[in-house]
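# Structural description and commentary
Single-letter residue listing:
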2 protein chains.
Amino acid sequence: MDDGRKVLVVVMDGLGDRAVKSLGQRTPLQCANKPNLDWFAANGTSGIMDVISPGVRPGSDTSHLALLGYDPFEVYTGRGPFEAAGVGLVGKPGDVAFRCNFATVDSDMNVIDRRAGRIKTPDTTMLASAINGMQLGNITATVREATEHRAVLILEGPDLSPYVSDVDPHALSSIQSSEPLRPEALVTAQAVNEFVHKAHEILRDHPVNRRRIEEGLVPANALLPRGAGVFPNIQSFQERYGISASGVAGVSLIRGICRVCGLEVIEETGCTGGTDTDMDAKACAALRELERKDFVLMNVKATDVNSHDGDPRSKIESIERLDSMAKIIKDSIPEGAIVVLTADHCTPVELGDHSGDPVPLTIYSDDSIKDDVTSFDEISCARGALGRIRGVNLMPILLDKANRSEKFGA
Amino acid sequence: MDDGRKVLVVVMDGLGDRAVKSLGQRTPLQCANKPNLDWFAANGTSGIMDVISPGVRPGSDTSHLALLGYDPFEVYTGRGPFEAAGVGLVGKPGDVAFRCNFATVDSDMNVIDRRAGRIKTPDTTMLASAINGMQLGNITATVREATEHRAVLILEGPDLSPYVSDVDPHALSSIQSSEPLRPEALVTAQAVNEFVHKAHEILRDHPVNRRRIEEGLVPANALLPRGAGVFPNIQSFQERYGISASGVAGVSLIRGICRVCGLEVIEETGCTGGTDTDMDAKACAALRELERKDFVLMNVKATDVNSHDGDPRSKIESIERLDSMAKIIKDSIPEGAIVVLTADHCTPVELGDHSGDPVPLTIYSDDSIKDDVTSFDEISCARGALGRIRGVNLMPILLDKANRSEKFGA
C-alpha cells in the first residue's frame with residue numbers, strides 16, 4: 001500500500017446536458033471556453049458513464065453512492081438517513097431517520113403553515129435542542145435543525161422499522177397519524193405519534209415561539225416527520241478499500257452520503273453549495289486534503305443549480321469558473337496522483353431536472369493512455385478509450401490505477 | 001406524464017450483417033443507397049446494441065422481449081405461449097401452451113406426413129374448432145389454427161406444469177407419449193396424451209378429412225403438441241411504464257410478444273410479414289398509432305427473410321425499400337417525438353440464420369446530441385456516442401428521454 005497513488009475525484013454536479021436550441025443544438029459544455037478541463041481530456045483517457053444504469057435518472061444521493069463504489073440498489077434506504085448524516089447525525093445501522101419540517105398548527109392540529117413562516121436558525125436551533133433527547137419508552141429521539149425550516153429526527157431503540165407513514169400531510173390539512181405499513185412497524189409508528197404529540201406540547205409554550213408571536217411571526221409549534229429510512233449497514237470506505245478519504249462538499253445531502261460511507265467531511269469557508277460557491281477555495285481545500293489522505297471526492301454544485309433554473313448562459317459561465325478551478329488543480333497535482341473529472345448526473349437546462357443520460361468522464365494520470373479526445377464534453381468523451389462504463393465501475397478502476405487493488409486469482 | 005414525449009421504435013428484422021464476400025467484404029447496409037436512414041444517423045445519436053447479451057444469438061421472441069425492456073432470462077418461458085398469443089390466444093399466468101402441427105398418422109399412430117399435405121385454412125380452421133373446448137377432467141383445452149399446417153393448444157386448469165415431453169416425434173416415426181420431465185408434471189402429461197387420443201378420434205372421421213381423402217389429399221387426422229411453455233407472469237407495458245403502446249407487426253410470433261406484454265396489436269392490410277410487405281403502409285399505420293398512443297413498436301421483416309434465403313442483393317433492395325419507409329417517418333415525425341432505428345438481431349446472409357453480433361442503433365430526437373456518425377450501418381454506428389448498450393437498456397433510455405421516468409433517489 002505504501003506505493004499507492006493519491007486519487008482526486010471532481011464531481012461537477014449536473015454538468016452534462018442535451019442539445020440546447022438556444023445554443024445552436026450544442027451543449028453548454030460544448031459552448032464554454034474551458035482550456036483547463038480540455039487539458040485533462042487531452043492528457044487523460046475519456047469515456048462516458050451511466051452513473052446508476054443506462055437511462056436511470058440518478059438523485060444526488062444515489063449517484064454519489066455509486067461514484068463511491070456502493071451499489072445504490074443494495075444500500076440506498078431512502079433520503080432520511082443521508083439528510084440526517086448531512087447535518088452531522090450519523091445513526092447506527094437499524095436506527096430510523098426522518099426528515100422533518102418545523103410547521104405551524106392550530107389548536108385542532110391542522111397545519112396552517114408547512115414551513116412555520118420559513119423559520120430558520122437560531123430559532124430552529126433552540127427549538128430543536130428543547131426536544132432533543134426525548135424518551136419514548138425505551139426509544140430515544142435525537143433532533144437537530146437542518147437548513148431553513150427543516151430538521152432531522154433519529155429514533156434509536158430496539159425493534160424499529162422504517163415502514164411507517166408520514167406525519168407530514170404535505171398540504172394544509174390535519175396532521176396525519178403515523179401508521180405502520182407493515183405489522184412489525186407498530187412500535188415505531190406509536191413512537192412517532194408520541195414524539196409528535198410531546199414535541200407539540202414542548203414547542204407550543206417555548207419562549208422562542210412566545211417571542212415570535214409577540215413579533216407577529218407564526219410559531220413553529222409542530223415538527224412533522226416524513227420519509228422514514230433506516231441507516232444502512234454500510235462498510236466504511238476505509239474498511240472496504242483500505243484507504244483514507246475525505247469529502248469536500250457544500251451540499252448537506254452529499255455531505256451525508258460521504259459521512260455514512262465513512263469519509264471525513266471538510267467544512268470549508270466559502271463553500272456554500274449554491275452558485276456563489278468559491279470554487280477556487282474548494283479546490284484548494286481538496287488539494288490540502290489530498291496531502292493527508294489517499295482519496296478525496298469534491299462536489300461543486302453550481303452547474304446543477306443553473307440547470308434547475310433553466311439558464312444555459314449561466315451554466316456556461318459556471319463551467320468557465322469550473323475551468324479556472326481546474327487550472328488550480330492542474331497546477332498542483334501531487335506527483336503520480338490520479339484526477340477524475342466527471343458529473344453525478346446530467347441536468348439538461350431545457351429539462352430543468354436530472355436526466356438519465358450518461359455523464360462525461362476523464363481519468364487523468366501521468367501514465368494515462370492518451371486517446372484522441374481533446375475536449376471535455378458529452379460527445380467528445382463518448383469517443384474516448386474508456387468507452388461506456390457504470391458508476392460502480394469507477395472505484396475499482398481508480399483503485400487499480402492507484403495500485404491499491406488485490407489480484408483476483410493467481 | 002402530460003408532457004411526456006412520443007416514442008417510435010422501428011425494428012428492421014435481421015438487418016445487421018457481417019462482411020459479405022460477394023459484396024467486396026462489405027455488409028448489405030454498407031452497400032445500400034439509404035439517404036433517409038442515414039439522415040437519422042446524422043441527426044441522432046448512434047451506437048451498437050447487444051440485444052440479449054454479447055454473442056448470444058437472439059430469437060425473434062427473446063429479442064423483442066428485451067427491446068420492450070423485459071429481461072428474457074427472467075420472463076421467457078418458451079415459444080408456445082408467445083405463438084399462442086400471436087394467433088390471439090393469451091392465457092393466464094400458469095396456463096400451459098403448446099405449438100402443434102396438424103399431421104397425418106396411420107392406424108398404428110405412425111406419422112406419415114408431419115404437415116398433413118401442408119394443409120391450411122379454411123380446413124385447419126374447421127378442424128381446430130371441432131377440437132376446441134375439449135374437457136380433460138378438470139382441464140380445458142383451447143385449440144386454434146395458426147399459419148399453414150400449424151395450430152396452438154392451451155391447457156387451462158389446476159396444477160399444470162410445462163415440464164412435459166413433446167408428442168411430435170419431429171420425424172416420420174411413431175408419435176410419442178408425453179412424459180413428465182418433473183414429478184409434478186404427471187397430471188399435465190396425462191392430459192396431453194388424453195388430448196392427442198381424443199383429438200385423433202374426432203379428426204379421423206371429420207367431414208373435412210373425408211373430403212380431403214376423396215380429393216386425393218392426406219387427412220389431418222392428428223394434432224402433435226410440442227414446445228410446452230407456461231404463460232409468464234408479465235407486468236403489462238401500461239402497468240410497468242405507465243404509458244399506452246401499440247405493436248405493428250406482420251409476424252405472428254412478434255404479435256404474440258406484443259400481446260403478452262400488453263401492447264395493442266395492429267392488424268394492417270398489406271402487412272404480411274413476408275418480403276411482399278407494404279412497408280410504406282406499415283409506416284403509415286405506425287404513425288397513425290403514434291397519434292393516439294405514447295409508444296409504438298413496428299417490426300419490418302423483409303431483410304430477415306432475404307438473409308435466411310442467403311440473398312445479399314435482395315437484402316440490399318429491401319434496405320432501399322426500408323429507406324423509402326424511413327422517408328415517410330422522417331417527413332411526419334410528431335413534434336418532440338423520439339424515433340429509434342434498430343434491429344432485433346443480425347441475420348448474416350452468408351450464415352442464413354440469426355447471429356449474436358451487435359445490431360446498429362440510432363436514437364433520434366430534436367434534442368439529440370450529435371455525434372459524427374453520418375451513415376446507418378454496423379461499423380459507423382459502432383463509433384457513435386451511445387457506445388455499446390444492451391437490449392434491456394433501451395426502454396429505460398427511451399423513458400428517460402421521453403420524460404417518463406422516476407428519479408432514483410433525491
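All of these numbers come straight from a predicted model, not from anything done at the bench.

### Concerning the relation of the copies chain B and chain A
The transform that puts chain B on chain A rotates by 123° and translates by 0.3 Å along the axis, for an RMSD of 0.3 Å. Between the two chains, the operation in question is that of a three-fold axis. Relative to the rotation axis, the C-alpha of Gly387 of chain B is the closest in chain B, positioned 3.6 Å from it. Interface overlap between copies is the fraction of interface residues in one copy that are interface residues in the other; for chain B against chain A it is only 11%, indicating separate surfaces.

### As for helix H11 (residues 279-292) of chain B
Residues and elements named next belong to chain B. Helix length check: H11, at 14 residues, gives a terminal C-alpha distance of 21 Å against a target of 20 Å (1.5 Å per residue), a fit within 8%. Every buried residue of H11 is accounted for by Met279, Lys282, Ala283, Ala285, Ala286, Leu287, Glu289 and Leu290. The inward-facing, buried residues of H11 abut strand E1 (7-12), strand E9 (245-249), strand E10 (264-266), strand E11 (295-300) and helix H13 (312-331).

### Focus: the confidence of the model for chain A
The predicted model of chain A has a mean per-residue pLDDT of 94, with 97% of residues at 70 or higher. Per the prediction output, this complex has pTM 0.91; the corresponding ipTM is 0.89.

### A closer look at the pairing of strand E6 (residues 139-145) of chain B
Within a regular beta strand, the side chains point alternately toward one face of the sheet and then the other, so they alternate between its two faces. Residue and element names in this part refer to chain B. Only one face of E6 is buried, namely the one carrying Ile139, Ala141, Val143 and Glu145, since none of Thr140, Thr142 and Arg144 on the opposite face is buried. As paired strands, strand E5 (residues 134-136) and E6 are joined by three bridges and run antiparallel to one another. From the neighbouring strand, Gln135 faces E6, where its bridge partner is Thr140. The hairpin turn running from E5 into E6, its antiparallel successor, is two residues long, and Gly137 in that turn takes a positive phi close to 60°. Looking at chain direction, E6 and strand E7 (residues 150-156) are connected through six bridges and run antiparallel. Paired with Val143 across the strands is Leu153, a residue of E7. Hairpin connection from E6 to E7: four residues lie between these consecutive antiparallel strands, with Glu148 at a positive phi of about 50°.

### What to know about the sheet that holds strand E2 (residues 45-50) of chain A
Residue and element names in this part refer to chain A. Taking strand neighbours across the sheet as the criterion, the eight strands line up as E11-E10-E12-E1-E13-E14-E2-E15 in an open arrangement whose pairing is mixed. Of all the strands in the sheet, the pair left with one neighbour each is strand E11 (264-266) and strand E15 (387-390). Each strand axis lies, on average, 25° off the axis of its neighbour in the sheet, ignoring direction. Examined bridge by bridge, strand E10 (residues 245-249) and strand E12 (residues 295-300) share five bridges and lie parallel to one another. Among the inter-strand pairings, Gly247 is bridged to a residue of E12, identified as Leu297.

### Remarks on the pairing of strand E4 (residues 96-105) of chain A
Residues and elements named next belong to chain A. Counting buried residues along E4, ten of its ten residues qualify, which places the element largely inside the surrounding structure. The alternating pattern of E4 places Val96, Phe98, Cys100, Phe102 and Thr104 and Ala97, Arg99, Asn101, Ala103 and Val105 on opposite faces, both of which are buried. Inspection of the sheet shows E4 paired to strand E8 (residues 150-156) by six bridges, in the antiparallel sense. Along E8, the bridge assignment pairs Val96 with Leu155. Two strands pair when backbone bridges link them, and E4 and strand E9 (residues 222-230) are joined in this way by seven bridges, in the antiparallel orientation. Bridged to Phe102 within E9 is Leu223.

Reading the values: rules and limits
Residues numbered from 1 in each chain as written. Chains lettered and ligands numbered in written order. Predicted model: local features only at pLDDT ≥ 70, side-chain atom pairs only at ≥ 80, totals over all residues. Least-squares fit on C-alpha atoms with pLDDT ≥ 70 in both. Contact = placed C-beta atoms within 7 Å. Helix = DSSP H or I, 4+ residues; strand = E, 2+ residues; numbered from the N terminus. Expected span 1.5 Å × (residues − 1). Buried ≥ 20, exposed ≤ 12 C-beta atoms within 10 Å, placed from the backbone. pLDDT = per-residue confidence, 0-100. Pairing = 2+ DSSP bridges. Axes fitted to C-alpha atoms, helices over the stretch in contact; angles between N-to-C directions.

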